[in-house]
Amino acid sequence: MKNIESSQVVSSESCSCCGRSNKDSITYKGMKNCPQCGRKGRKVKRLTLESLLLPDRVSAIVGDSWRFCPNRDCKVVYYSEDLDKHFDVRHLRVRVHQKSPEDMEVPVCYCFDHSPKSIADEIRETGKSTVINQIKSSMKNPGCHCEDANPQGGCCLGNVTAVVKQIGCEETRQAIDETGYKVENNEYER
Ligand SMILES: [Zn+2]
């Protein structure tokens, strides 16, 4: 069953000339939830799909209203809000962190190429993680390009924070709590 979120905007005022209520004005807000799993996705730009889909899929991108499904148990990566169209993990040039969070080799920072493995290696070798500060300083110079590199189409810092927290020691976890990043519903937000 499709999970189409639509809203009926019905004016309570009736027409001044005929007295009929204005029930014809129906607007559709679009499909915010994944057609496969029903979870709410985050908006992504068409540019993100154009950059990350396999070349033979790019021509299948239609319209500008796309969302990213972050649910690890769902294979759909992108779906269109207003058209019956979606792309799954097989259609991307890169593997998606949110879909394979247990795979240590799948990048979590796509701009500067950090993975759970590289983060775990540093923690094992030095007892701490400097990845968040590394990313923050790299964001200024040379600058990040999440929109065309990260499948979620946005900043990875929340995801990286979650990874560090998960594999880090107690000391690391405390330092991260102070940064104020939090994880909500598999969506990483500051
Ligand atoms: Zn989904």
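Our subject in this report is the structure included herewith. (Residues numbered from 1 in each chain as written. Predicted model: local features only at pLDDT ≥ 70, side-chain atom pairs only at ≥ 80, totals over all residues.)

**Brief notes about the overall build of the chain**
Next up, step 1: In terms of regular secondary structure, the chain is built from seven helices and six strands.
Next up, step 2: Tracing the chain from N to C terminus, the helices and strands come up as β-α-α-β-β-β-α-α-α-α-α-β-β.
Next up, step 3: Here the chain holds 190 residues, and 26% of them are scored as buried.
Next up, step 4: The contacts of the chain with a sequence gap of at least 6 include a subset with a gap of at least 24, amounting to 55%. (Helix = DSSP H or I, 4+ residues; strand = E, 2+ residues; numbered from the N terminus. Buried ≥ 20, exposed ≤ 12 C-beta atoms within 10 Å, placed from the backbone. Contact = placed C-beta atoms within 7 Å.)

**With respect to the environment of K165**
Next up, step 1: Summarising the element assignment, K165 is placed in helix 6 (residues 157–167).
Next up, step 2: A tally of 17 C-beta atoms within 10 Å means that K165 is categorised as partly exposed.
Next up, step 3: Between the C-alpha atoms of K165 and S129, which are 36 residues apart in sequence, the distance is 9.7 Å.

**Overview of the nonpolar core**
Next up, step 1: Within the largest apolar cluster, 14 residues are counted, with the highest numbers of intra-cluster contacts made by L49, C69, V77 and Y78.
Next up, step 2: At the level of secondary structure, the elements contributing two or more residues to this core comprise helix 1 (46–52), strand 2 (66–68) and strand 3 (76–80).
Next up, step 3: Among the elements that take part in this core, strand 3 stands out by supplying four residues, more than any other.
Next up, step 4: With sequence-adjacent residues up to four places away left out, V77 is seen in contact with F68, C69, F87, D88, V89, L92, V96 and P151.
Next up, step 5: By size, the runner-up hydrophobic cluster in this structure holds 13 residues, among which are V108, C109, C111 and L157. (Core = buried A, V, L, I, M, F, W, Y, C linked by C-beta atoms within 7 Å.)

**Brief notes about the sheet that holds strand 4 (residues 86–88)**
Next up, step 1: With antiparallel pairing, four strands are arranged side by side in an open sheet as 1-2-3-4. Of all strands in the sheet, those bounded by a partner on one side alone are strand 1 (42–44) and strand 4. Neighbour-to-neighbour, the strand axes of this sheet turn through a mean angle of 30°, independent of strand direction.
Next up, step 2: Inspection of the sheet shows strand 3 paired to strand 4 by three bridges, in the antiparallel sense. Along strand 4, the bridge assignment pairs Y78 with F87. (Pairing = 2+ DSSP bridges. Axes fitted to C-alpha atoms, helices over the stretch in contact; angles between N-to-C directions.)

**With respect to the environment of R46**
Next up, step 1: With respect to the helices and strands, R46 occurs in helix 1.
Next up, step 2: With 16 C-beta atoms counted inside 10 Å, the residue R46 sits in the partly exposed group.
Next up, step 3: Placed 34 residues apart in sequence, R46 and S80 show a C-alpha to C-alpha distance of 9.9 Å.
Next up, step 4: Leaving out residues up to four positions away in the same chain, R46 has contacts with I61, D64 and W66.

**Comments concerning the pairing of strand 3**
Next up, step 1: Across the five residues of strand 3, five count as buried, placing the element largely inside the fold.
Next up, step 2: With three bridges joining them, strand 2 and strand 3 adopt antiparallel strand pairing. What sits directly across from F68, in strand 3, is Y78.
Next up, step 3: Linkage of strand 3 to strand 4, two consecutive antiparallel strands, is achieved through a turn of five residues.

**A look at the packing of helix 3 (residues 116–126) against helix 6**
Next up, step 1: As a packed pair, helix 3 and helix 6 sit with axes 10 Å apart at the nearest point and diverge in direction by 45°. By the criterion of interaxial angle, the relationship of helix 3 to helix 6 is oblique. In terms of crossing hand, the pair formed by helix 3 and helix 6 is right-handed. Contact with helix 3, carried on its side by P116, I119, A120 and I123, involves V163, V164 and I167 of helix 6 and no other residues of that element.
Next up, step 2: Looking at side-chain class alone, the contact of helix 3 with helix 6 contains seven nonpolar, no polar and no charged residues. (Parallel < 35°, antiparallel > 145°, perpendicular 65-115°, else oblique. Left-handed = near helix turned anticlockwise from the far one by under 90°. Nonpolar A, V, L, I, M, F, W, Y, C, P; charged D, E, K, R; others polar.)

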